[in-house]
Amino acid sequence: MKSICPSCGRPLDEHDRHIRFGVPEPVLSIPEGERAALTWGNDVLMQVEGVGGFVRILVPVKLTGGYTVTYGAWLSVESDDLRRAWEAWTDPSYADLRLSGVLANMLPGWESETYVKPLETAVLNVEHTPYAVDSSDDFMRRVIQDEWPHEDVLAAIAPYES
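Structural notes, computed from the coordinates. (Residues numbered from 1 in each chain as written. Predicted model: local features only at pLDDT ≥ 70, side-chain atom pairs only at ≥ 80, totals over all residues. Heavy atoms only, no water.)

Considering the overall build of the protein
Line of reasoning, step 1. Helix and strand content of the protein: 5 helices and 9 strands.
Line of reasoning, step 2. For the protein, the sequential pattern of α-helices and β-strands runs β-α-β-β-β-β-α-β-α-β-β-α-β-α.
Line of reasoning, step 3. A globule of 162 residues ought to have a C-alpha radius of gyration of about 15 Å, and the protein, at 17 Å, matches this closely.
Line of reasoning, step 4. Over its C-alpha atoms, taken along the principal directions, the protein stretches across nearly 50 × 35 × 30 Å.
Line of reasoning, step 5. Each of the 162 residues in the protein was classed as buried or not, and the buried ones make up 41%.
Line of reasoning, step 6. For the protein, long-range pairs separated by at least 24 residues make up 56% of all intrachain contacts whose partners lie at least 6 apart in sequence.
Line of reasoning, step 7. On the protein, roughly 8700 Å² of surface is accessible, and the fraction owed to carbon and sulfur atoms is 50%.
Line of reasoning, step 8. Positive and negative side-chain charges of the protein, numbering 13 and 26 respectively, have mean locations separated by a distance of 2 Å. (Helix = DSSP H or I, 4+ residues; strand = E, 2+ residues; numbered from the N terminus. Rg over C-alpha atoms; globule rule 2.2 N^0.38 Å. Buried < 20%, exposed > 50% of the residue type's maximum accessible area, 1.4 Å probe, protein only. Contact = heavy atoms within 4.5 Å. Areas by Shrake-Rupley, 256 points an atom, 1.4 Å probe, with all protein chains shown as cover. Lys, Arg positive; Asp, Glu negative; His and termini not counted. Charge placed at Lys NZ, Arg CZ, Asp CG, Glu CD.)

Some words on helix H5 (residues 150-157)
Line of reasoning, step 1. Residues of H5 that are buried: His-150, Val-153, Leu-154, Ala-156 and Ile-157. Angularly, the buried residues of H5 cover 160° about the axis, an arc narrow enough to put them on a single face.
Line of reasoning, step 2. In this fold, the buried residues of H5 make contact with strand E1 (17-20), strand E4 (52-63), strand E5 (67-77) and strand E9 (147-148). (Arc of directions from axis to C-beta.)

A look at the pairing of strand E7 (residues 118-122)
Line of reasoning, step 1. One ladder, built from 5 bridges, connects strand E6 (residues 98-103) with E7; its direction is antiparallel. Across the sheet, Ser-100 pairs through a bridge with Glu-120, a residue of E7.
Line of reasoning, step 2. Both E7 and strand E8 (residues 131-134) contribute to a ladder of 3 bridges, which runs antiparallel. Bridge pairing in E8 links Glu-120 to Asp-134. (Pairing = 2+ DSSP bridges.)

The structure is reproduced here in structure tokens:
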């Protein structure tokens, strides 16, 4: 029998989540059949002709009760930063990689407050993509640094997991 959360009624083992966005939001405007011809890269580094460059990042959101929802999102970056990330990705210098850009996905529940907001990222674990660590935007900084009611965040992501 699964343990149930007394606050929200969801199974406790569903509180630590990983949500992965397939592509950056601006890429969704390109018909799926045309994307491959316009795209260089893979599932962590991507350049899309006429749209821009993107790097996969992790955006952890701390929840009450010690839980975390981690979004596998995309950071829109300048072409020089995309090249720098590509050169460092398999090199020991990857551990020192820091990137600045804007979030290229909408976090559920905070779509307008998070989309295209500035982010600073850093490699915290060389086995992972860079993590969002700070923002010059007050709300975005709160998203990545504060603790949020788990029932609110889990309710916002529920429609995306169906």
